[in-house]
Amino acid sequence: MEERDVVIIGGGPAGYAAAIRVSQLGGKATLVENDTLGGTCLNSGCIPTRSLARGAELFDMAKNANDYGITYSDISVDFAKMQTRKETVVKNLTAGVNSLLNANKVELIEGLGQFISPMQLEVSLKNKTKKIFTARKVIIATGSRCKNLPIQTRLTKVINTTQALRLTQLPKSMMVVGGGFIGVTFAIILSKLGVAVNLIEATSHILQHIDSEIVTIFARELSSNGIKTFTDAHIVKIDDARGDLHVDIKAKGQPFTVSTEYVLMAEAREPNIDEIRLEQAGIQLNDRGGIAVNKRMESNISAIFVAGDVTMEHMWAPVAYVEGITAAENAMGLKTEVNYTAIPYWISTVPEVASVGMTEDEAVAKGYAIQIGKFPFAANGMATILHKKTGMVKLVVDEQYHQILGVHIVGPGATDLISGAALAIRLDVTPEDIGATLHAHPSLSEALWEAARDVNGEAIHSFRQRK
């Protein structure tokens, strides 16, 4: 039986970040990965979808290039080539993760890690042999996967997001089931590339965790791209009709049928825990079906830590990085907790959507007297140059102490802008602080500066009147 210092099961964002942090702290990290380094985010999540979104964005830009005096004789989509480019991006980044592990002297073992007891692991290697380790500490970072589809929807053209990313030809039509971050991303990408898209959402509106005013603007963009959105809707039945699927839907109580080439089940995920024998370690689950942890990323077994999607709590790559780092630090004897105060969310759509902190409705529901600051990208110089004037920046501010409670953006550069907003919330920066800070000109960041000044009715390039 071999001994190891810290064994990490899973090489996604949480796992490889944990392994590198263990090494930085002087420990010897052993990373066990049964699939491909990088996890969902790098291989079948945010990286490949953002790559495809970039292609859709370039196609959209080319169609409007004549406004800049640039004329293309022929504009078309080679979807197979887009997919090849996406795979190249993924492979390059995966190789980069492997290089990082090597540089930090992390031992990488390719195989399936399973518990024999709390501190004993059996690893089934790719060559069909097995290794058994005794570990001082263990970090579980096995992530999540697309949830298995119900038996009644297991038709060839009823697919999950991983399968959608492997399509080699654009379908003529797609029904996307789920109006959350994942669903709207695929809906926008496909529609920009010429696919007829229907979007089905079970609740009263799409993007449940995004500010309602931002959602309204984004919903108009969905419509302008030809996407038909049905809310309060669910699928009753799917029939295979020789080439197309006939989908019976009930939306707001009304039944109807839609014909589509593919149905994409976009949202449901489940933790990767069924193969690692958690019961052998006595590890407890939470009410979401993931592994239960505290803010130090400790499980109910003191020497076993957990990070990333496998908790089913904050399923977002930057959270996984921080949780992996936190798990590693505590495994190495430090006392660190994850601060979930300002988690930024973003969607790789065209236009982009990003959010951090409380929405206006959430702030009001929690009893805050609030002030709102807004600034439209239509009045921003860089957005005008980029020909991307749709959207706005919105601040939700506590009226009494002028604490920024939330920042919400729809428009160009939202993903990059939201990080500064997250820092502002974490450091208790006030709108006045942002308004007094010099911002580059012309830049999209000026929209945040103007929205901060607008809280007090002091935006410079705005026709909105002081209250």
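Conventions used here
- Residues numbered from 1 in each chain as written.
- Predicted model: local features only at pLDDT ≥ 70, side-chain atom pairs only at ≥ 80, totals over all residues.
- Heavy atoms only, no water.
- Axes fitted to C-alpha atoms, helices over the stretch in contact; angles between N-to-C directions.
- Helix = DSSP H or I, 4+ residues; strand = E, 2+ residues; numbered from the N terminus.
- Parallel < 35°, antiparallel > 145°, perpendicular 65-115°, else oblique.
- Left-handed = near helix turned anticlockwise from the far one by under 90°.
- Contact = heavy atoms within 4.5 Å.
- Nonpolar A, V, L, I, M, F, W, Y, C, P; charged D, E, K, R; others polar.
- Disulfide = S-S within 2.5 Å.
- Buried < 20%, exposed > 50% of the residue type's maximum accessible area, 1.4 Å probe, protein only.
- Phe/Tyr/Trp six-rings, centres within 6.5 Å; stacked < 30°, edge-to-face > 60°.
- Lys NZ or Arg CZ within 6 Å of the ring centre and 35° of its normal.
- Pairing = 2+ DSSP bridges.

Student: Describe the packing of helix α3 (residues 46-63) against helix α4 (residues 79-103), listing the residues and the values that go with them.
Tutor: Viewed as axis vectors pointing N to C, α3 and α4 meet at an angle of 140 degrees, and their least axial separation amounts to 9 Å. By the angle class used here, α3 and α4 are oblique. Our pair here, α3 against α4, has a crossing hand that is right-handed. On the side of α3, the interface is formed by I47, P48, S51, L52, G55 and A56, while α4 contributes M82, Q83, R85, K86, V89, V90 and L93. Residues belonging to the contact of α3 with α4 are distributed by class as follows: eight nonpolar, three polar and two charged.

Student: Any chance you could break down the state of the cysteines for me, citing the residues and the numbers?
Tutor: The full count for this structure, using the stated rule, is one disulfide. Across the disulfide from C41 sits C46; the S-S distance is 2.0 Å. In this structure, the disulfide formed by C41 and C46 twists by about -60 degrees around the S-S bond and is classed as left-handed. On the basis of relative accessible area, C41 is assigned to the buried category, the value being 15%. Among the residues examined, C46 registers a relative accessible area of 27% and is labelled partly exposed. Here C146 is not cross-linked by a disulfide; its sulfur's nearest cysteine counterpart is in C46, at 13 Å. Residue C146 is classed as buried on the basis of its relative accessible area of 12%.

Student: Could you give me a rundown of the packing of aromatic side chains, with the residues and numbers involved?
Tutor: A complete count under the given rule lists six aromatic pairs for this structure. Between Y16 and Y321 the ring centres are 6.0 Å apart and the planes differ by 70 degrees, which places this aromatic pair in the edge-to-face class. Of this pair, Y16 sits in helix α1 (residues 13-24) while Y321 sits in helix α9 (residues 317-331), and the two are 305 residues apart along the sequence. The exposure class of Y16 is buried, given its relative accessible area of 12%. Taken together, the aromatic side chains of F181, W316, Y345 and W346 make up a single cluster linked through ring pairs. The ring of Y262 has K157 sitting right over it, with the charged end atom 5.3 Å from the ring centre.

Student: Which residues make up the sheet that holds strand β8 (residues 173-177), and what are the values?
Tutor: One open sheet holds the five strands; their spatial order is β7-β14-β8-β9-β10, and the pairing between them is parallel. A strand with exactly one partner marks an edge of an open sheet, and here the two such strands are β7 (158-160) and β10 (228-230). Neighbouring strand axes in the sheet, compared pairwise and without regard to direction, differ in orientation by 20 degrees on average. Examined bridge by bridge, β7 and strand β14 (residues 262-265) share three bridges and lie parallel to one another. Bridging across to β14, I159 finds its partner in L264. Relative to strand β9 (residues 196-200), helix α6 (residues 181-192) is tilted by about 165 degrees, and along the sheet it contacts β8, β9 and β14.

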